[in-house]
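Observations on the model geometry
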Amino acid sequence: MSGSRLTMYDAQMLSPVTLARVIETVNEDLHRYFSFEELVETDYRMDVISGDLVEHVINQRAKSARAAGDMVFGLRGAEDIFVRQYTGVGAGTIRNLQSIMTAVFEDCVEYMPMVYYALRVIRNPSEISLATITTLQTSMLSIRGTFSNFLIGVTELNRAAVELRGIYDLEVVNNVVKDEGQLSYPGEKSSEEGMALELRNVSFRYPGSQNIDGALDDVSFKISAGELIVVVGANGSGKSTLVNILSRLYDATSGQVLLDGVDIKEYKLSEIRQAVAILTQDHQLFPGISLKENISLGDVHCAEDEVERRIAEGVRKGGAENVIGKLERGVDTVLDSRVLRYSQLVDEGDETNPLVIKMEQLERTSNVSGGERQRLVASRTFMRMQSNRIKLVAVDEPTSALDPEGELTLFTQLREARKGKTMLFITHRFGPLTKHADNIICMKDGKIVEFGNHASLMEMDGEYCKMYRIQADAFQS
Ligand SMILES: Nc1ncnc2c1ncn2[C@@H]1O[C@H](COP(=O)(O)OP(=O)(O)OP(=O)(O)O)[C@@H](O)[C@H]1O
């Protein structure tokens, strides 16, 4: 795609004047602009934050906005909202409020003499003339306009604030996770083998949680560098929360987290993020950018002459070679291309409306399945894992849409890539992983109820053994 052609489809029949319009653009910069703009959505939060991509996304968005130039006319200000959503800084809101208040103040000052004169006329009606009435009327209309603009502004601000809260509770996370550490990671005590992890009496409750109990309750354990750990437990037992705490997406409410024997808060936050690779069901393909770029975002710090090779390796290990092979444009394929939709006054449910028909035609349908998507997302993680900086890999049930062979291959590839890394797998399926685990953490109601390898936990005949037997029996009966 190149050029900057805009194709417009107007709906003249809606009204004597055009009230609605569908615009198609083939401008690549504009597409990128919309794509990066969309990454503020909750759906992509996990990828952007855990991949340490905040700065990259903000820069790319600004760059494509500059390149697209006037085509993003009317969308200025979105930048502020974007930055605010990622940083928790309300710069845009504050600036908007300031400009509205300034306008009101200026108008009040401007019309003050009129107001004074109007008050005099009320007190002394003999002063009034036709010219005075006309002047007063005009002034009052202006003042009314100013105040109605003010009210619209306040409503807008309110809407923006609600949107902000709704979309991004990450703002809370950013406020809670303070980036005050000074140490570089890996540090002096770090091992070549991977990241050593320790939790000491950690309890955690999500900000604003309505649950009676916290998500983690007095959790303690120690994992040596380079171990393969499997975390099991019922839904809601705290497994994913454990990963959130270890990768410092959240800070523990109480207790201490140590990485290589040093308190996690003493390290620079971005260096911790750069040392961790996370793959979960929540990880997504980014819309509107090529598969190649999607996978390369696994490591934006990769040397330029290494990128191609590492993407290819990521694709192979992620089991996505066949997926890409069957696409006409291969790794250059753009899935979920963004379409500019302007649908004011159009009932999108009305399937006979010519604009609705046109919009549906323009939506690029994605031609990959859910499982194929998971393979492409896994390819990004494998791209990331090739970096020497990665010392911890946390994998949280990323295989829900994979066929059994795909799941087994993914786990095998992950295990084989463990050199120099500590691996943490969260799974509900015991077979392919637990027998390879150095240790298994079994969780229940936010607590660790059992810790040990498969043989020792089976011998214990407790919670782990019970869950294991349920799955094993299902295959035998
Ligand atoms: N963002 C959140 N805000 C508030 N509460 C949350 C949030 N995420 C999880 N919780 C709560 O924390 C507890 C632990 O959740 P967590 O996701 O860690 O469980 P899990 O063991 O990974 O569950 P699953 O097997 O279903 O993935 C649950 O009670 C859950 O409702």
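This text gives an overview of the structure that appears in the document. Computed from a predicted structure; not experimentally measured. (Residues numbered from 1 in each chain as written. Predicted model: local features only at pLDDT ≥ 70, side-chain atom pairs only at ≥ 80, totals over all residues. Heavy atoms only, no water.)

1. What to know about the environment of Gly314
Among the secondary structure elements, Gly314 is positioned in helix H11 (residues 304-317). We classify Gly314 as buried; its relative accessible area is 0%. Along the backbone, Gly314 and Arg384 are 70 residues apart, and their C-alpha atoms lie at a distance of 8.1 Å. With residues up to four places along the chain from it excluded, the contact list for Gly314 reads Ser379, Phe382, Met383 and Gln386. (Helix = DSSP H or I, 4+ residues; strand = E, 2+ residues; numbered from the N terminus. Buried < 20%, exposed > 50% of the residue type's maximum accessible area, 1.4 Å probe, protein only. Contact = heavy atoms within 4.5 Å.)

2. Here we look at the packing of aromatic side chains
The final tally for this structure, using the stated rule, is 8 aromatic pairs. Ring plane angle 70° and centroid distance 6.0 Å describe the contact between Tyr44 and Phe286, whose orientation is recorded as edge-to-face. With Tyr44 in the loop between helix H1 (28-38) and helix H2 (45-50) and Phe286 in the loop between strand E8 (276-280) and helix H10 (291-296), this residue pair connects regions lying 242 residues apart in the sequence. Here Tyr44 and Phe286 have matching classes, each one buried. One aromatic cluster in this structure is built from Phe204, Tyr206 and Tyr250. (Phe/Tyr/Trp six-rings, centres within 6.5 Å; stacked < 30°, edge-to-face > 60°.)

3. Thoughts on the sheet that holds strand E5 (residues 228-233)
Spatial ordering of the open sheet is given by E8-E9-E10-E5-E11-E12, a layout of 6 strands whose pairing is mixed. The strands lining the two open edges of the sheet, one partner per strand, are E8 and strand E12 (447-452). Shown here is a sheet whose adjacent strand axes are inclined to one another by a mean of 15°, direction ignored. Pairing of E8 with strand E9 (residues 392-396) involves 5 bridges; the strand directions are parallel. Counted as the bridge partner of Ile278 is Ala394 from E9. In this fold helix H14 (residues 370-385) packs onto E8, E9 and strand E10 (422-426), with an angle of close to 170° to the strand it touches most, E8. (Pairing = 2+ DSSP bridges. Axes fitted to C-alpha atoms, helices over the stretch in contact; angles between N-to-C directions.)

4. Details of the nonpolar core
Counting 42 residues, the largest nonpolar core has Val230, Val232, Leu376, Met385, Leu414 and Phe425 as its most contacted members. Here this core gets 6 residues from one element, more than from any other, and that element is H14. Not counting the four nearest positions on each side in its chain, Leu414 is found in contact with Phe382, Met385, Val395, Met423 and Phe425. (Core = buried A, V, L, I, M, F, W, Y, C linked by side-chain atoms within 4.5 Å.)

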